[in-house]
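Okay, here's what each chain looks like letter by letter:
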Amino acid sequence: MIINVRDTNATGIHMALVKARHNIGVASSMVFTMIVIADLKHYDRALEACHDAGREHPSRIILVTNGQAKADRVDAEIRLGEEVPGEIISLKFHGELVEHRDSVVLPLLLPDSPVVAWWRAGAPDKPGEDPLGKLAIRRITDAMGSSRPLAAIERRARNYSPGDTDLTWTRLTPWRALLAAAVDQYPSPISEVRVEAAINNAASLLLSAWLEDRLGVEVIRTEGKKGIGITGVTLVTDNGDISIAREDGKMATFSAPGLPCRQVALRRRDSNALITEELRRLDVDDIFASAMSTLVQRCERMDAGKATT
Amino acid sequence: MTEANDFVNPLRDPQDRRLPRIAGPCALVLFGVTGDLARKKLMPAVYDLANRGLLPPGFGLIGFARRDWEQEDFAKIVHDSVKERARTPFREEVWKQLLEGIRFVPGTFDSDESFETLKATLDDLDRAQGTGGNHAFYLSIPPKAFDQVISMLKKHGLAKRDNPQAWSRVVIEKPFGNDLATAQELERQVSSVFHSESVFRIDHYLGKETVQNLLALRFANELFEPIWNRSYVDHVQITMAEDIGIGGRAGYYDGVGAARDVIQNHLLQLLALTAMEEPTSFDADQLRTEKKKVLAAARPPKDMAAHTARGQYLAGWAGGKLVPGYLEEDGINPKSQTETYAAIRVDIDNRRWAGVPFYLRSAKRMPRRVTEIALNLRRAPHLPFTHSDIEALGSNALVLRIQPDEGITLRFGAKVPATLMEIRDVTMDFAYGTSFAESSPEAYERLILDVLLGDPPLFPQHEEVELAWKILDPILDFWGELDTQPEGYPSGTWGPSCGNDMLARDGFVWRRP
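Residues numbered from 1 in each chain as written. Chains lettered and ligands numbered in written order. Predicted model: local features only at pLDDT ≥ 70, side-chain atom pairs only at ≥ 80, totals over all residues.

J.: Can you lay out the nonpolar core for me, pointing to particular residues and giving the numbers?
T.: If you look at the biggest cluster of nonpolar residues, it comprises 168 residues, and the most contacted ones within it are Leu206(A) and Leu271(B). Per-element tally for this core: the top contributor is helix H10 (residues 257-275) of chain B, with eleven residues. Each residue touching Leu271(B), except ones within four places of it in the same chain, is listed here: Ile238(B), Ala298(B), Val346(B), Phe358(B) and Leu360(B). Core analysis: the next-biggest nonpolar cluster, separate from the first, contains 39 residues, Ile78(A), Val84(A), Ala117(A) and Ala123(A) among them. (Core = buried A, V, L, I, M, F, W, Y, C linked by C-beta atoms within 7 Å. Buried ≥ 20, exposed ≤ 12 C-beta atoms within 10 Å, placed from the backbone. Helix = DSSP H or I, 4+ residues; strand = E, 2+ residues; numbered from the N terminus. Contact = placed C-beta atoms within 7 Å.)

Shown next as structure tokens:
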């Protein structure tokens, strides 16, 4: 059912929820609260994403948008039993209340369970210090959703606080898995790494940082290659190169010393699949933290290089 | 190669929990590709694995069957079954990746020539696809053909038992024998060719996910352990009900029956997981040790007549449809004494469970499909209420639902609002939402991946299989000697009256799942 409550407050929303649940006759068995922060103009897509995210984990999803009315008020729409196991509360904030959204969200968090915040588009510079971000133990942003992805991932890395994560990192999982499997198969020390990517690709920056962090060798990253996303990674070993190349964003070619060249599907995933992966683990991702700190070092190295030339 | 052995992959880290394990280069050989299982489950599962990026770039899939097929015919069959059945969306590029490694070997199980062709095909795959000489053989074939295929694999050097460079593994499906003696015979055949850790026995009812859920509930919580014993648990009911009849499985089912088909493997495994002590770790080895211990302590009832029951479904209306009785099914001997309903009592002779009966039942043509484990607790030792207050109060129960909607139900008493003091049973329920898209792997995907990774299976090894037969054999002998028709029950009901009497003798009733 869908219940609209106009010009209300946290208590009003809570009462409506209790009543709705009473009418359906189900007990709450939700596993976490997710706060989704979106633009009004992307409202429908955000709602759809909430549906997808809620399907795997019965949860309370609070969709936060800013409306355009002058009055200081919040309008709520509650969705219960609409194709998702949990509940979706859409909140539209107007007027001065836009600055105090956390005051409405805080009372609506499920008792004693984790809180996740997800900025669907633009994210604050310091998610960990954002009023809504502070409510969450896990803060999900997406540098690729920004107009300047490279700057965004760098900013994210410089302002990293435990619990932060970026979908750029999630996008890398298949690449990382394939690279790790490649090294499993050809266990030999790696002396050099090259990463190639299309222009403005934040993921390649992060992948380079991760490889540098793990392998302890400098990673050379070149940008502007024809193709989509990350277009290739080469690991140089004493016996020859292990390389994975992908131009069309779907099919990669895998080659390694002494073996036939083979094809492997390596598709880019949509954001719903990414969020699903993200929600499976809610603890701090140490590997990501470490890669982010290497990313900062790389940036500083490059800044220093620019300064001297 | 010592250098390689000492090498630690710097890209891997135990902290890096996102990184899935991808199988190493290998080839999977499917015997019995024309069967239902291969088409409906195995081939789609292989595709789903590839789609989730869990198969290596060097992967080969070989079909072996008595068909006059060309490579393309087989590829088309795989393609169609994937398109129709795969869990994840069909993607051209994933298919392209798989197609490179698909081969077909026409042949029969008794032909040396066929196995030579298979060997040549595998060698060719090793070269062209880089499958590295690692081969898994999936025997999706009738048990009577096991012996032949396994000895042919040995004869043609396909089962490399002692090759440190490459592995050979074999997957066999239940039934694992027909009784203790045949199970031991099967084990003798298989172990003469493969090491026990290379043998994967699969019970497709019991997914790894289920086992892990059970372990998580029992051993990750402090809440349940204190009551998980004879002081609090009154009796346990483990049910696997199917709403279908035998369908097209007449040839397999007649003469086998519900006890051999389901209780021997599935229900006794569930019993072991429910009743075992805490393993020191979740290593397959440790887990198996605990399961073996509890199965060794379990015994069939002393009074067989009182504590076993069997039935056979009759024609009737099941879920709104008129269905034939067992004896009227196609391909069934009209005088068959095979049971389609089996219920037994099992006792576990150890400190934790002494005196707590475990009731196991499995049946076809029940009102609905459900598998669950219900721990029924004792009633409170003293109830400070009047008799009429608690007339509607039963005992507390913790129910672990295995399928179709995996979850947990807790039953307890609560006061009815606005009465003086009226207490009745209520239930509380938890279920993780139904997963979607790429999230929840189907049991076969996990199994195939485990085989390819060489992950020690959570599936039973031969000792467990044999222990289970030791519990069931005396019961089957007893039924065999009776030489009577099992009691009929109308299709679409919860079984024959002898099943209910069996519990009534002990003062219990079956839960309606």
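There is more to say after this.
J.: Any details on H10(B)? Residues and values, ideally.
T.: All names here are of chain B. Between its first and last C-alpha, H10 extends 25 Å over 19 residues, near the 27 Å set by a 1.5 Å rise per residue. Of all the bends in H10, the largest measures some 55° and sits at isoleucine 263. Taken across its 19 residues, H10 has 18 buried, putting it largely inside the fold. (Expected span 1.5 Å × (residues − 1). Bend = angle between axes of the 7 residues up to and from the residue.)

J.: So, the sheet that holds strand E2 (residues 59-65) of chain B: which residues are in play, and what are the values?
T.: Residue and element names in this part refer to chain B. One open sheet holds the six strands; their spatial order is E3-E2-E1-E4-E5-E6, and the pairing between them is parallel. Each edge of the open sheet is held by one strand with a lone partner, namely strand E3 (102-106) and strand E6 (199-202). When the angles between neighbouring strand axes are averaged without regard to direction, this sheet yields 20°. Where E2 lies against E3, five bridges are found, and the strand directions are parallel. Directly across from isoleucine 62, in E3, lies its bridge partner arginine 103. (Pairing = 2+ DSSP bridges. Axes fitted to C-alpha atoms, helices over the stretch in contact; angles between N-to-C directions.)

J.: Mind laying out the interface of chain A and chain B, listing which residues take part and the relevant values?
T.: Listed per partner, the contact involves 36 residues of chain A and 40 residues of chain B. Per-element accounting of the side of chain A that touches chain B gives the leading share, ten residues, to helix H6 (residues 173-185) of chain A. A per-class count over the side of chain A that touches chain B returns 19 nonpolar, seven polar and ten charged. (Nonpolar A, V, L, I, M, F, W, Y, C, P; charged D, E, K, R; others polar.)

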